[in-house]
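# A structural walkthrough
In case you want the letters, here they are:
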Amino acid sequence: MTMLGTRLVMLTGGLGFLAVPLLFTGSFFKFLLILVFVYTIVSIGLNLLIGYAGQFSLGHAGLMAIGAYVSAIVSQSLATIPTLVLVGGNVWIGMVSGIIAAGIAGAALAFPVLRLKGPYLAMVTVAFGWVVWKILLTWTSVTGGDLGITAIPRPRVAGHIFNVTDYYYLSGVIAVVALLLQRNLVVSDFGRKIRAMKFNEAALASVGVDVHREKVVVFVISAMFAGCGGALFAHLQNFINPDNFQFVNSVFFLLTILFGGPGTLSGPVFGATLLTLVPELLHGAEQYRLLIFSVLILVTLFYLPHGIAGLLPTRRSQRAPGPGSGRGTRPREPTDAVPAALSIQQSASDVQSPIVRIRGVSKSFGGIVALNEVDLAIAPATVHALIGPNGAGKTTLVNIVSGLYRPDRGTIEILGIETRLSSLHDAARQGIARTFQTIKLFGSMTAREHVMVGCEMQSGAGMLDALLRTRRSRDEEQRRRAIADELLTLVGLREFAEAPADSLAYGHRRLLEVARALAARPRLLLLDEPAAGLVASEIEMLARVIDRLRASGLAVLLVEHHMDLVIAVSDTITVLEYGRVISRGDAETVRNDPVVVEAYLGTGGEHELSAVAS
Amino acid sequence: MSSALLQVDGLGVSYGPVRVLDGASLTVGHGEVVTILGSNGAGKTTLLRSIAGLVRHQAGHIQFDGADIGDMPAHEKVACGLCMVPEGRQLFPDHSVLENLELGAFHRLRAGEKTAVDRDMMDVFELFPRVRERLSQKAGLLSGGEQQMVAIGRALLGRPRLLMLDEPSLGLAPALVRSIFQSFVTLKNRGIAVLLVEQMAWLGLGICDRAYVLEGGKFLIQGTRDAVRSDARVVEAYLGQVKSRGLAR
């Protein structure tokens, strides 16, 4: 959509919004539209959670209920203070309390539950919704049981009590604000993180993101949107009872997302509008309503996997692959300059002691000993290669140094201090970044976004800045963008900055992982088979990149099978077999070590096969 | 009339707006080993996948043993003797090695060729003795090299006349890579044609009869092994050794 087109749509939408009360004097249609706004607000919260972050919830009606009941109860109890009632403060305070209460309930639910995944998470949220519903039914003294709460006050400003038209404008404005907040969040660095989370949590953790924490945060935000919707709903209706907040209502919100288009900014609007208005239009055919509804849903899921929003023309920059359209071209030659983005940890290179030293590390899985009493020290500005037969324990060692596994025995020191690395993100925060043997990228996010996600460790703008999209957050984005482009240039992927990662060729994906890891500003970079799937010319480029990283003071631990790369870049080579170090030294020593030739290199020259066809 | 086992003419494949293959043509003769080189994103994997019927092609023809198989679904192609070892092995990690191997012979076991399958199983064990030692283990627990052997074994149990391999050396130790590539020579001697995609060009060119170089969706260079191996462009882009070192010091 062009800029002008977007503005036109917004203008017509705005005028239409203002005109509705003039065109429809009866309250029914306005009432219906208020419901649309309320549901849109709840849907936006759920869209952030499901559509963007990929975490499921089938309990949002429960969160909405908490918002509604708390708002109703608080505004009724505050009604005993006459001065407050006169200015309408009791209702406004009630609504805010409802939102906060839903947020707190969301946090209490999310903290333990978000360690679960997929169907288990969905199950627990279903249970949560049921429990809330049951509590509303049985805690009669507070909630009024199945009769619910009646005579919930309408909001007022000074002496003026809101009528349906006023309420229509109020909820409409709040819905628009909710949309803006959604937009701001999604384009912020937090938004990038939660989108990445949907694709690969381990990769996100490897650049220092505490994934569980971010999940809880997005759940709380989502719950607050639900609470806001609930509060608006309560004061619109004047009465609420548990039947308004049943399991089917949670399913309804899920459907609005699927219908509208999960993970799109406008999806919640389409979904909530359609699913609220269509049943009303079907009022005449009461007994067929459910049938028509379900057919509609099946058809949508089948033919519109991206929902209604998926039908809209997307902006070019989002879909079209980058200039030169990616495939088939080789990465551009990198520049020789060391990017400023890497020069931060220089202080580490003054220290002569190793950046990481492990002593006597052992690890077994079941009965199989993967690592047996391994010592390793990696000094700044050196490249340490780790080679050995498949299954020798190389990746296990990388996983231990990157905090993914805990060693059974042995110690890890970082800069001379004994440390316990409790997780991937913990290791990343202590200056250890890594790439993965099986490439872990964030699906369709662009190459540049990948590296920007990697910038987690660089100071960022806060959540409030992100929500309000302040100058500070925009400047910060600009800065990260610049760093990302610099690092993409370093690995030769600058021209693919706009390309979705899943459109990149295999070898380019590996290089993108390197750039993302570098964005975390590590002292030690762990590369797990970075050259697998690269052709000779690309391997040569990778060697140059590694040389440059060493020059900038970085320590590199390289696991690799391409011996010419290993020999070209390594200062020290350690050879593992059956979890033990069988040889160590510089390239020349290791290459000619008969033990290594026997276990790993095999006889026959570097570049020949002993028997040849035909 | 053509005597080639596999004949591909003017193959065109696009993913959305991106054209991956743009009129690629190649032939593989009976019992011939053919290697395809090409940089990342050149379309090598797409080529194999479209020959195997896993990706739809928009233009061109694919003939196998004289018959047009362009529109044949992938599982029927396997029954015709066109088997593939996909990139990254793609075993069923929770199934045992034996089950993985048996799945390769799925259509034959269903047709009641149990004895023939057992005989082929023996041939696989002869080719990769280590596979026999691991039969009852979960495939996901094998080392990369062993997994590759199982993946090749699985394809062989489909009784291929043409075996297609996508990057069999990926992530394997040098000594293992050598022994796996040596096994292709054995297959050739058993009369199986091999179509090989390989990034490590010296390996791929070491065992083939002929080779093609795929760039930008087309075959730019083709010829006998020695011709391709001595082509200046190939030497520069694919056979270069990593020199580097010292740039930074």
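Reading the values: rules and limits
- Residues numbered from 1 in each chain as written.
- Chains lettered and ligands numbered in written order.
- Predicted model: local features only at pLDDT ≥ 70, side-chain atom pairs only at ≥ 80, totals over all residues.
- Helix = DSSP H or I, 4+ residues; strand = E, 2+ residues; numbered from the N terminus.
- Buried ≥ 20, exposed ≤ 12 C-beta atoms within 10 Å, placed from the backbone.
- Contact = placed C-beta atoms within 7 Å.
- Pairing = 2+ DSSP bridges.
- Axes fitted to C-alpha atoms, helices over the stretch in contact; angles between N-to-C directions.
- Domains from an automatic or database assignment.
- Nonpolar A, V, L, I, M, F, W, Y, C, P; charged D, E, K, R; others polar.
- Parallel < 35°, antiparallel > 145°, perpendicular 65-115°, else oblique.
- Left-handed = near helix turned anticlockwise from the far one by under 90°.
- pLDDT = per-residue confidence, 0-100.

## Quick word on the overall build of chain A
- In terms of helices and strands, chain A carries 26 helices and 12 strands.
- Across its three principal axes, chain A shows a C-alpha extent of roughly 90 × 50 × 50 Å.
- Buried residues in chain A amount to 51% of all 614 residues.
- Sequence-distant contacts, at least 24 apart, represent 77% of the contacts inside chain A between residues at least 6 apart.

## Focus: the overall build of chain B
- Of the regular secondary structure elements, chain B holds 11 helices and 10 strands.
- Taken over the C-alpha atoms alone, chain B extends approximately 55 × 50 × 35 Å along its principal axes.
- Looking at chain B as a whole, 49% of its 249 residues are labelled buried.
- For chain B, the share of sequence-separated contacts (at least 6 apart) that also reach a separation of at least 24 residues comes to 69%.

## Some remarks on the sheet that holds strand S2 (residues 18–28) of chain B
Residues and elements named next belong to chain B.
- One open sheet accounts for 4 strands, arranged S2-S1-S4-S5; its pairing is antiparallel. Two strands in the sheet have a free side with no partner beyond their single neighbour: S2 and strand S5 (67–68).
- Where strand S4 (residues 59–64) and S5 come together, 2 bridges link them in antiparallel fashion. Pairing of Phe64 across the sheet is with Ala67, part of S5.
- Together, strand S1 (6–15), S2 and S4 form the strand contacts of helix H1 (residues 44–52), whose direction differs from that of S1 by roughly 115 degrees.

## Let's talk about the domain arrangement of chain A
All names here are of chain A.
- Per the domain assignment, the segments making up chain A are domain 1 (28–248), domain 2 (347–431 + 522–604) and domain 3 (446–521).
- In this structure, domain 1 and domain 2 have C-alpha centres spaced 49 Å apart.
- A breakdown of the residues in the side of domain 1 that touches domain 2 according to their chemical character gives 4 nonpolar, 2 polar and 1 charged.

## Some words on the domain arrangement of chain B
- Looking at the assigned domains, one finds that chain B contains domain 1 (1–81 + 161–171 + 192–242) and domain 2 (89–159).
- One C-alpha centre belongs to domain 1 of chain B, the other to domain 2 of chain B; they are set 25 Å apart.

## A look at unusual backbone geometry
- Here the phi dihedral of A:Glu529 falls at roughly 55 degrees; this positive angle occurs in a residue that is not glycine.
- With respect to the helices and strands, the residue A:Glu529 is situated in the loop between strand S9 (524–528) and helix H23 (536–551).
- At B:Arg159, a position not held by glycine, the phi torsion is positive, near 55 degrees.
- Here B:Arg159 is to be found in the loop between helix H7 (144–156) and strand S7 (162–166).
- The class for B:Arg159 is partly exposed, based on 19 C-beta atoms found within 10 Å.

## As for the environment of A:His562
Residue and element names in this part refer to chain A.
- Tracing the sequence through the fold places His562 in the loop between strand S10 (555–559) and helix H24 (563–569).
- Taking the C-alpha atoms as reference points, His562 and Pro530, 32 residues apart in sequence, are found 9.6 Å from one another.
- His562 has contacts with Ala531 and Ile539, leaving out every residue within four places of it along the chain.

## Things to note about the packing of helix H9 (residues 189–199) of chain A against helix H19 (residues 447–454) of chain A
All names here are of chain A.
- At a minimum axis distance of 10 Å, the contact between H9 and H19 shows a crossing angle of 105 degrees. One way to sum up the angle between H9 and H19 is to call them roughly perpendicular. Between H9 and H19, the contacting residues are Arg192, Lys193 and Ala196 on the first element and Glu449, Met452 and Val453 on the second.
- Residues of the contact of H9 with H19, tallied by class, amount to 3 nonpolar, no polar and 3 charged.

## Observations concerning the environment of A:Phe259
Residue and element names in this part refer to chain A.
- Topologically, Phe259 is positioned in helix H12 (residues 247–260).
- Judged by C-beta crowding, with 26 C-beta atoms within 10 Å, Phe259 ranks as buried.
- As a C-alpha pair, Phe259 and Ile297 span 38 residues in sequence and 7.3 Å in three-dimensional space.
- Residue contacts for Phe259: discarding those within four places in its chain leaves Phe270, Gly271, Leu274, Leu275, Thr300, Gly307 and Ile308.

## With respect to the sheet that holds strand S6 (residues 82–85) of chain B
All names here are of chain B.
- Spatially, S6-S7-S8-S3-S9-S10 is the arrangement adopted by the 6 strands of the open sheet, whose pairing is mixed. Across the chains shown, the open sheet's two edge strands, defined by having one partner strand only, are S6 and strand S10 (218–224). Across this sheet, the average inter-strand angle for adjacent strands is 15 degrees, counted without regard to direction.
- Across 6 bridges, the pairing between strand S9 (residues 210–215) and S10 is antiparallel. Opposite Val213, over in S10, you have Ile221 as the bridge partner.
- Against the sheet, helix H8 (residues 174–189) engages strand S3 (33–38), S7 and strand S8 (193–197), with an angle of about 150 degrees to S8.

## Examining helix H17 (residues 394–401) of chain A
Residues and elements named next belong to chain A.
- Summarising burial for H17: 8 of the 8 residues are buried, a large majority.
- Listed as buried for H17 are Lys394, Thr395, Thr396, Leu397, Val398, Asn399, Ile400 and Val401.
- Directly beyond the C-terminal end of H17, a positive phi value near 85 degrees is found at Gly403.

## Focus on the packing of H19(A) against helix H21 (residues 471–490) of chain A
Residues and elements named next belong to chain A.
- Contact geometry of H19 with H21 gives a least axis separation of 9 Å together with a crossing angle of 115 degrees. Comparing their axes, H21 and H19 come out roughly perpendicular. Judged by the twist between their axes, the crossing of H19 over H21 is right-handed. In this structure, H19 uses Ala447, Arg448, Val451 and Met452 to contact H21, whose residues at the interface are Arg480, Arg481, Ala484, Asp485, Leu487 and Leu488.
- Of the residues contributing to the contact of H19 with H21, the split by class is 6 nonpolar, no polar and 4 charged.

## Digging into the pairing of strand S11 (residues 572–577) of chain A
Residue and element names in this part refer to chain A.
- Bridge count between strand S5 (residues 383–387) and S11: 4 bridges; the pairing is parallel. Each residue of the ladder has a partner; that of His384, found in S11, is Thr572.
- Two successive antiparallel strands, S11 and strand S12 (residues 580–585), enclose a turn made up of 2 residues, where Tyr578 displays a positive phi of approximately 45 degrees.

## Section: the confidence of the model for chain A
All names here are of chain A.
- Confidence in the prediction of chain A, expressed as mean pLDDT, is 86, and 91% of residues score 70 or more.
- Of all the helices and strands in chain A, helix H15 (residues 316–319) carries the lowest mean pLDDT, 40, while S10 carries the highest, 95.
- Below pLDDT 50 for its whole length, residues 316–331 participates in 39 contacts with residues either more than four positions away or in separate chains.
- Contacts from residues 344–349, a stretch scored under 50 in pLDDT, to residues over four places away or in other chains number 13 contacts.

## Some remarks on the confidence of the model for chain B
Residues and elements named next belong to chain B.
- Averaged over every residue, the pLDDT of chain B is 87; residues scoring 70 or more account for 96%.
- When the elements of chain B are averaged for pLDDT, helix H11 (residues 232–237) gives the smallest value, 84, and S8 the largest, 94.
- Here residues 244–249 is modelled with pLDDT under 50, and outside its nearest four sequence neighbours on either side it reaches 14 contacts, counting other chains as well.
- As scored by the predictor, the complex reaches a pTM of 0.84 and an ipTM of 0.77.

## A look at the pairing of S1(B)
Residues and elements named next belong to chain B.
- Relative to S2, S1 is paired through 8 bridges, and the arrangement is antiparallel. Considered in S2, the bridge of Val13 is made with Leu21.
- What sits between S1 and S2 in their antiparallel hairpin is a turn of 2 residues, with Gly16 showing a positive phi close to 60 degrees.
- The pairing of S1 with S4 spans 5 bridges and is classified as antiparallel. If you follow Gly12 over to S4, its bridge partner there is Ala59.

## Quick word on H19(A)
- For H19(A), a buried count of 8 out of 8 residues is recorded, marking the element as mostly surrounded by other parts of the structure.
- For H19(A), the set of buried residues is A:Ala447, A:Arg448, A:Glu449, A:His450, A:Val451, A:Met452, A:Val453 and A:Gly454.

## Topic: the environment of A:Pro268
Residues and elements named next belong to chain A.
- For Pro268, the location among the structural elements is in helix H13 (residues 267–281).
- Once the C-alpha coordinates of Pro268 and Val401 are considered, the two residues, 133 residues apart in sequence, prove to be 43 Å apart.
- Beyond its immediate stretch of four places on either side in the chain, Pro268 contacts Thr40, Ser43, Ile44, Asn47, Thr256, Ile257 and Gly260.

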